[in-house]
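For reference, the chains in residue letters:
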Amino acid sequence: MLELLFQGHITLFIMILFALLFSLTFHEFGHAITAYGFGDDTAARMGRLSLNPLVHIDWFGLLLVVLIGFGFAKPVPVDSRRFRHRSASFWVALAGPMMNFLLAIISANLLAYGVAHGWYGFETQGVQTFLTFIALINLLLGLFNLLPIGALDGHYIAEYLLPPPLNRHYSRLNHQYGNLFFMVLIMLSILGVPIFSFLWQFARHLLGYLIWV
């Protein structure tokens, strides 16, 4: 994203940065409110049951947003001992990506509906670009977090879905190498390897299937 500033696209830079912070905030809020619904108030007691971006920001993750256009927020604290259902960890993990997919669907359909019905402002490039970025960034975040590596949501989902023998083997490997593999992906992206470009193009492909109005 830094190249946007160097090229003088300040408005676009701010727009993308806001869209990312907005999307990351709702992602973490999805985890927090789902955990609360299953009986764990840890996130609520720590002030994380909130839509205030400041309580969710991870400063290194925000730096990565500026450097490579992709980053992460602070993980929501969860105490699985407080859950009232054995599948709660699965649903809490899934809630973050599902919140992103929901925002993508809402923003894409809002844009399509507003343009089709001639709503004021929806004919402008600024509104169309912003809502498109909201949709694409949320799709990208949702897809990325479903990867079953490191501390990403996908590894909790995989642990729940895999049969016991594979579950134990996968959990051991992910515990040993998952975070390392995740950091390798980040470093390769910083060095210019198009890791996230593939997911971005896939998100662009999916976007058309989410518009139902």
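Structure's up top.
What counts and what doesn't
Residues numbered from 1 in each chain as written. Predicted model: local features only at pLDDT ≥ 70, side-chain atom pairs only at ≥ 80, totals over all residues. Heavy atoms only, no water. Phe/Tyr/Trp six-rings, centres within 6.5 Å; stacked < 30°, edge-to-face > 60°. Helix = DSSP H or I, 4+ residues; strand = E, 2+ residues; numbered from the N terminus. Buried < 20%, exposed > 50% of the residue type's maximum accessible area, 1.4 Å probe, protein only. Patch = residues over 30% accessible without salt bridge, like charges linked within 9 Å, V, L, I, M, F, W, Y side chains within 5 Å. Areas by Shrake-Rupley, 256 points an atom, 1.4 Å probe, with all protein chains shown as cover. Salt bridge = Lys/Arg side-chain N within 4 Å of Asp/Glu carboxyl O. Expected span 1.5 Å × (residues − 1). Bend = angle between axes of the 7 residues up to and from the residue.

### Quick look at the packing of aromatic side chains
So, point 1. Applying the stated rule across the entire model yields 9 aromatic pairs.
So, point 2. Geometrically, the ring pair formed by F144 and F182 is tilted, given 6.0 Å between the ring centres and 45 degrees between the ring planes. Note that F144 is positioned in helix 6 (residues 125-145) and F182 in helix 8 (residues 164-190), a separation of 38 residues in sequence. Each member of the pair, F144 as well as F182, is classed as buried.
So, point 3. Each member of the aromatic cluster is reached from another via a ring pair, and the members are F18, F22, F26 and F130.

### Let's talk about a nonpolar patch on the surface
So, point 1. Residues L173, Y177, L180, F181, V184, L188, L191 and V193 make up a contiguous nonpolar surface patch of roughly 740 Å² in combined accessible area.
So, point 2. Looking at the secondary structure, you find L173 in helix 8.
So, point 3. Residue classification places L173 among the partly exposed residues on the basis of a relative accessible area of 37%.

### Some details on helix 8
So, point 1. In this model, helix 8 (27 residues) spans 37 Å end to end at C-alpha, consistent with the 39 Å of a helix rising 1.5 Å per residue.
So, point 2. Of all the bends found along helix 8, the most pronounced is centred on Y177 and spans about 50 degrees.
So, point 3. Within helix 8, burial applies to N167, Y170, S171, N174, G178, F182, L185, I186 and S189.
So, point 4. G192 sits one or two positions beyond helix 8 and adopts a positive phi of about 105 degrees.

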